[in-house]
2 protein chains.
Amino acid sequence: MIKILFDTLGSDKGYKQVVLAGVNSVNEYKDLEITLVGNEQDILEELKNYKYNAEQIKVIHAPTEISCNDTPTKAIREKTDSSLVVGLNTLKEGYDALISGGSTGAVLTGGFLKVGRIKGISRPALCPMLPTLNGGRVMLIDCGANVDCKPINLCHFALMGKIYMEEVMGIKNPRIALLNNGVEEHKGNDLAKTTYPLLKEMPINFVGNFEAREFLSGDADVFVCDGFAGNVLLKGTEGAIQVVMKKLKQGVKKSFSAKIGALFMRKVFKSLKKEFNIEGQGGSILLGLKHILIKVHGSSSHLSFESAVKQAMQLIENKVVEKLENEFSKLNVEED
Amino acid sequence: MIKILFDTLGSDKGYKQVVLAGVNSVNEYKDLEITLVGNEQDILEELKNYKYNAEQIKVIHAPTEISCNDTPTKAIREKTDSSLVVGLNTLKEGYDALISGGSTGAVLTGGFLKVGRIKGISRPALCPMLPTLNGGRVMLIDCGANVDCKPINLCHFALMGKIYMEEVMGIKNPRIALLNNGVEEHKGNDLAKTTYPLLKEMPINFVGNFEAREFLSGDADVFVCDGFAGNVLLKGTEGAIQVVMKKLKQGVKKSFSAKIGALFMRKVFKSLKKEFNIEGQGGSILLGLKHILIKVHGSSSHLSFESAVKQAMQLIENKVVEKLENEFSKLNVEED
C-alpha cells in the first residue's frame, strides 16, 4: 500500500478541492491510501458527498492554516497544530509522500527543518517540469528554493536532475544545460562562470551553456540555475504564454471573421491550453529531502493534486529517494 | 541636421540590409544624415541600386568585422580598423548616435571603453522595451550589460529608467518595479533584499517587488534587475512567445478545419506577430553613456535599423543624455 498525505489547508481554492482529489485518487488506484490532514470535522462532512472505499481514506485533525502572510520559519516553529507541520511530522512515520498547495516559503522551510536532507546534498531544490516544443518535458532546477547559490549547489542540482530524469522520466543520459546569458564557455555571471568547469567534471551529460530562449526548445532535458534566475525563467515563461493567449482572445473579440475562425480552431486552442496548463503538470518536487514532498500551485483545483499523486507514485515506485542517497554517497563531494 | 552612424558589419543578414535601412531613413527624414561605416567599395556599389539625396548619406571606410567569436575586449583594443571601433571613435566627433547590429559583448565593451559613461552613473545598462497586454510598453533595465551587480547599480538603473520613460515615452511619474521572486518586502536574493530599502529612498515612483509573471502585464513601466536575471527574463519571454506561435502552427497544419479557421483569423495572427516582432521595437539603448549607442538584434533586417533611427531621433530631440547628466549631477550618490 502506497501511503500519501494531503495538506488540505493553505490552497487558494479551499479544502474541498483537496478532499475531492483524495477521493478521485483512491477510486483510481486500489493500492493507494490517502490521509487528509486538516480540520477533521470539515473533511468528514465533505467526504459524505462521495463514494469511495473507506479503508483507503484516513483523516488527521490539524485545524490551523499557514497562509502566505505568515513568516515561514516562525509559522513552522510556532503553528505546531497546522496541517502543514502535522503533515511533515507524520511523513516521517512510515508515509511515502506529502503533497501541499500551501505557501511555498512555508513548504520549503518546513521541508528543510522537519524532513531533513539526504546526506551529501548541499541544498534541496524545487524543480518543476514544463512541456517542450517537440512534445517532451524539461526540468528546471532550482526554481526558488535557494535564491543565493554557490557553484557546489548547482553541481548537486545537476546530478539530482540527471537521476530524476533517468529514473522517473526514463530518459537515458539526460542532457544537462547550464542556464546562462550566452552559449560561449566564457559567458556568464560569477556563479555561472565558476560552475561551468565544475559541471564539465561531473558524471553527467553536460551540454554546456543554454540561453533562456531555448528553455522550451526540447534541446536540453534539465536546466540548472540558482533559484532566483529559475524563478524568473519559470514565471516569465508562464506570464508570456498567458499574455499571448489573452492577446489572441482580445483579437478574436474585435472581429466577426476572427470569431468564426476561432470556432474552427477551437480544438487547436483547447489542446494548446491543456498543454500549457500548469494544473495538468503535477507539482514541483522538493528534490534532495529524505522523503517525498511535492508542492502544487496555490491556485490549483483537485486536478493538480491528482496529477501530483501520479508523480509521487512514480517517484515511490522508482525508489528515487534511495537512488539519490546511493548516488550522493558514492560522490565524494564537499557539503555546503 | 541629425547625424547618425550605422555600423554596417557584424549583423547576421549582412551589410546590404544596413545600407537599405540608411537609404530608407534619409528618404523618410529630410533633416537626417546617415554615415555608413564599413567596406567603402561594397557600400558604394550597393548604394547604386537606390535613389536618395546624396548629401544625406556619407561613407567611412573601415573594412574589418568584429564577430561573435571575437573576445570583446581584445577585439575592441586590436581591431582598430573595424567598423565598430571606427564608428565608436567617430561618434565622439560631433555625431549624435551610433547604431550597431554586431556582437553584443563587443558593442557593450566598446561603449564602455571608447564612449565613456556619464559622471555619477556607476554602470551603463542595456534596456530593451517590450509591448504590454494593455498596449503600452515596459522597459527592462538591465538585460545583459552587467551580469553581476551591486545595489547601487540597480538604484542607478531605476533613475535612468525613470528619466527615459518620462522624457522619451512621455509617461509621467513612471512606475518602477524591482524584479523579484515574490512580492513581499522580505523576499528575494541578497541583491534584491539589499536594494529594496534603497529604492524606497530614491526620488522615483517605486512600486515594490514584481514577479516575472507580471512583466508584460502593464502594471509597471520599468523592471529593474541585474543583467543576468534581465537576460533570462527577456530571452525567456521571447522563447515562450515563439513556442506558443509554433505550437499554434503545428496544430493548424494537422487539421483541415483549423486551416480554415486560421484563414479567418489571419488578421489577428498578423497583428499579434507584428506586435511581438522584436524588429519593430527598435533596438536596446545602452543607457548611461555620454553618447547615444543603440544595439539592434544581430539577426535584424533593415526594419530594425529603421526603427532604431526613430528611437535615436526621439532620444536626441528630447536631449536624454543632457537630462541624465543633469539629474545624476544633482544626485549625490556614491559611484561604484
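Residues numbered from 1 in each chain as written. Chains lettered and ligands numbered in written order. Predicted model: local features only at pLDDT ≥ 70, side-chain atom pairs only at ≥ 80, totals over all residues. Heavy atoms only, no water.

Chemist: Can you lay out the overall build of chain A for me, pointing to particular residues and giving the numbers?
Modeler: Each helix and strand in chain A was counted, giving 12 helices and 12 strands. Rg of the C-alpha trace for chain A: 21 Å, near the compact-globule value of 20 Å for 336 residues, within the 12% margin. Counting only residues that meet the buried cut, chain A has 59% of its 336 residues in that class. Put simply, 71% of the contacts in chain A that link residues at least 6 apart link residues at least 24 apart. As displayed, chain A offers around 13,900 Å² of accessible surface, 49% of which is attributable to carbon and sulfur atoms. Computed over 42 positive and 40 negative side-chain charges, the separation of the two mean positions in chain A equals 7 Å. (Helix = DSSP H or I, 4+ residues; strand = E, 2+ residues; numbered from the N terminus. Rg over C-alpha atoms; globule rule 2.2 N^0.38 Å. Buried < 20%, exposed > 50% of the residue type's maximum accessible area, 1.4 Å probe, protein only. Contact = heavy atoms within 4.5 Å. Areas by Shrake-Rupley, 256 points an atom, 1.4 Å probe, with all protein chains shown as cover. Lys, Arg positive; Asp, Glu negative; His and termini not counted. Charge placed at Lys NZ, Arg CZ, Asp CG, Glu CD.)

Chemist: Mind laying out the interface of chain B and chain A, listing which residues take part and the relevant values?
Modeler: Chain B puts 52 residues into the contact, and the matching count from chain A is 51 residues. Here chain B meets chain A over a buried area of about 4,700 Å², counting both sides, of which 70% is carbon and sulfur. Counting the surface chain B buries against chain A, the share from its top three residues, Leu133(B), Arg213(B) and Phe228(B), is 16%. Summed over the shared surface of chain B and chain A, the result is four salt bridges. Salt-bridge contacts for Arg213(A) lead to Glu238(B); the nearest nitrogen and oxygen are separated by 2.4 Å. (Buried area = accessible area lost by both parts, 1.4 Å probe. Salt bridge = Lys/Arg side-chain N within 4 Å of Asp/Glu carboxyl O.)

Chemist: I'd like to hear about the packing of aromatic side chains, residue by residue, with values.
Modeler: Under the defined criterion, the tally for this structure stands at eight aromatic pairs over all chains. When the centroid spacing of 5.3 Å and the interplanar angle of 75 degrees are considered together, the rings of Phe215(A) and Phe223(A) count as edge-to-face. Here Phe210(B) and Phe223(B) contribute two aromatic rings whose centre-to-centre distance is 5.8 Å and whose plane-to-plane angle is 85 degrees, an arrangement assigned as edge-to-face. A residue pair is termed long-range when its members are at least 10 positions apart, and Phe210(B) in strand β9 (residues 205–210) and Phe223(B) in strand β10 (residues 222–224) qualify at 13 residues. A residue is classified by how much of its surface remains accessible, and Phe223(B), at 0% relative accessible area, is buried. Cluster of aromatic residues (ring-pair linked, three or more members): Phe210(A), Phe215(A) and Phe223(A). (Phe/Tyr/Trp six-rings, centres within 6.5 Å; stacked < 30°, edge-to-face > 60°.)

Chemist: So what's going on with helix α1 (residues 15–28) of chain A? Residues and values would help.
Modeler: Residues and elements named next belong to chain A. In a regular helix each residue adds 1.5 Å, so 14 residues correspond to 20 Å; α1 covers 20 Å between its end C-alpha atoms and thus fits that length. Burial in α1 covers these residues: Val 18, Val 19, Leu 20, Ala 21, Gly 22, Val 23, Ser 25 and Val 26. In this structure, the buried residues of α1 make contact with β1 (2–7), β2 (32–38), α2 (40–47), β3 (57–61) and α11 (302–317). (Expected span 1.5 Å × (residues − 1).)

Chemist: Explain the sheet that holds β10(B) to me, using residue names and the numbers behind them.
Modeler: All names here are of chain B. Read across the sheet, five strands follow the order β6-β7-β10-β8-β9 without closing on themselves; strand pairing throughout is mixed. Strands with a single pairing partner mark the edges of an open sheet, and in this sheet they are β6 (129–131) and β9. Direction aside, the axes of adjacent strands within the sheet are offset by 30 degrees on average. Where strand β7 (residues 137–141) meets β10, three bridges bridge the pair, whose relative direction is parallel. (Pairing = 2+ DSSP bridges. Axes fitted to C-alpha atoms, helices over the stretch in contact; angles between N-to-C directions.)

Chemist: Can you tell me about the state of the cysteines, naming the residues and giving the values?
Modeler: Summed over the entire model, instances satisfying the criterion amount to zero disulfides over all chains. Looking at Cys68(A), it has no disulfide partner, and the nearest cysteine sulfur is the one in Cys143(A), 15 Å off. This cysteine, Cys155(B), is not joined by any disulfide, and Cys149(B) carries the nearest cysteine sulfur, 11 Å off. (Disulfide = S-S within 2.5 Å.)

Chemist: So what's going on with the packing of α1(A) against α11(A)? Residues and values would help.
Modeler: All names here are of chain A. α11 packs onto α1 with a crossing angle of 40 degrees between their chain directions and a minimal axis gap of 8 Å. The angle between the axes of α1 and α11 places the two elements in the oblique class. When the axes of α1 and α11 are compared, the crossing they make is right-handed. Facing Gln 17, Val 18, Leu 20, Ala 21, Asn 24, Ser 25 and Glu 28 of α1, the residues of α11 in contact are His 302, Phe 305, Glu 306, Val 309 and Lys 310. (Parallel < 35°, antiparallel > 145°, perpendicular 65-115°, else oblique. Left-handed = near helix turned anticlockwise from the far one by under 90°.)

Chemist: So what about the environment of Asn231(B)? Which residues, and what values?
Modeler: Examined against the element boundaries, Asn231(B) turns out to sit in helix α8 (residues 227–254). The exposure class of Asn231(B) is buried, given its relative accessible area of 6%. Considered as a pair, Asn231(B) and Asn146(B) are 85 residues apart in the sequence and their alpha carbons are 10.0 Å apart. Not counting residues within four places of it along the chain, the set of residues in contact with Asn231(B) comprises Asn181(A), Cys143(B), Gly144(B) and Gly236(B).

Chemist: Pulling in residues and values, what's your account of the relation of the copies chain B and chain A?
Modeler: Placing chain B over chain A gives an RMSD of 0.1 Å and needs a rotation angle of 180 degrees, together with 0.0 Å of translation along the axis. The relationship between the two copies is best expressed as a two-fold rotation axis. No C-alpha of chain B approaches the rotation axis more nearly than that of Gly261(B), which lies at 1.8 Å. Comparing interface residues between copies, 98% of those in chain B also sit at the interface in chain A, which points to an isologous, same-surface contact. (Least-squares fit on C-alpha atoms with pLDDT ≥ 70 in both.)

Chemist: Any details on the pattern of salt bridges? Residues and values, ideally.
Modeler: In a structure, side chains of opposite charge can pair up when their charged atoms sit close to one another. Summed over the entire model, instances satisfying the criterion amount to 22 salt bridges over all chains. Arg213(A) is the salt-bridge partner of Glu211(A), the closest N and O atoms lying 3.7 Å from each other. With a relative accessible area of 22%, Arg213(A) lands in the partly exposed category. Linked by salt bridges that have partners in common, Glu211(A), Arg213(A), Lys235(B) and Glu238(B) make up one network.

Chemist: Describe the packing of helix α1 (residues 15–28) of chain B against helix α2 (residues 40–47) of chain B, listing the residues and the values that go with them.
Modeler: Describing two packed helices takes the angle between their axes plus the distance from one axis to the other. All names here are of chain B. Packing of α1 against α2 brings their axes to within 10 Å, and their N-to-C directions diverge by 55 degrees. One element, α1, and the other, α2, form an angle in the oblique class. The element α1 and its partner α2 pack so that their crossing is right-handed. Contact residues: Tyr 15, Lys 16, Val 19 and Val 23 in α1; Asp 42, Ile 43, Glu 46 and Leu 47 in α2. The residue inventory of the contact of α1 with α2, partitioned by class, reads five nonpolar, no polar and three charged. (Nonpolar A, V, L, I, M, F, W, Y, C, P; charged D, E, K, R; others polar.)

Chemist: Before we move on, could you go through the nonpolar core and cite the residues and values that matter?
Modeler: Judged by nonpolar contacts, the single largest core of 236 residues is most densely connected at Ile4(A), Phe6(A), Ile4(B) and Phe6(B). Those residues within four positions of Phe6(A) in sequence are excluded, and the remaining contacts are Val18(A), Ala21(A), Gly22(A), Ser25(A), Ile34(A), Thr35(A), Leu36(A), Val37(A), Leu98(A), Ile99(A), Phe305(A) and Val309(A). (Core = buried A, V, L, I, M, F, W, Y, C linked by side-chain atoms within 4.5 Å.)

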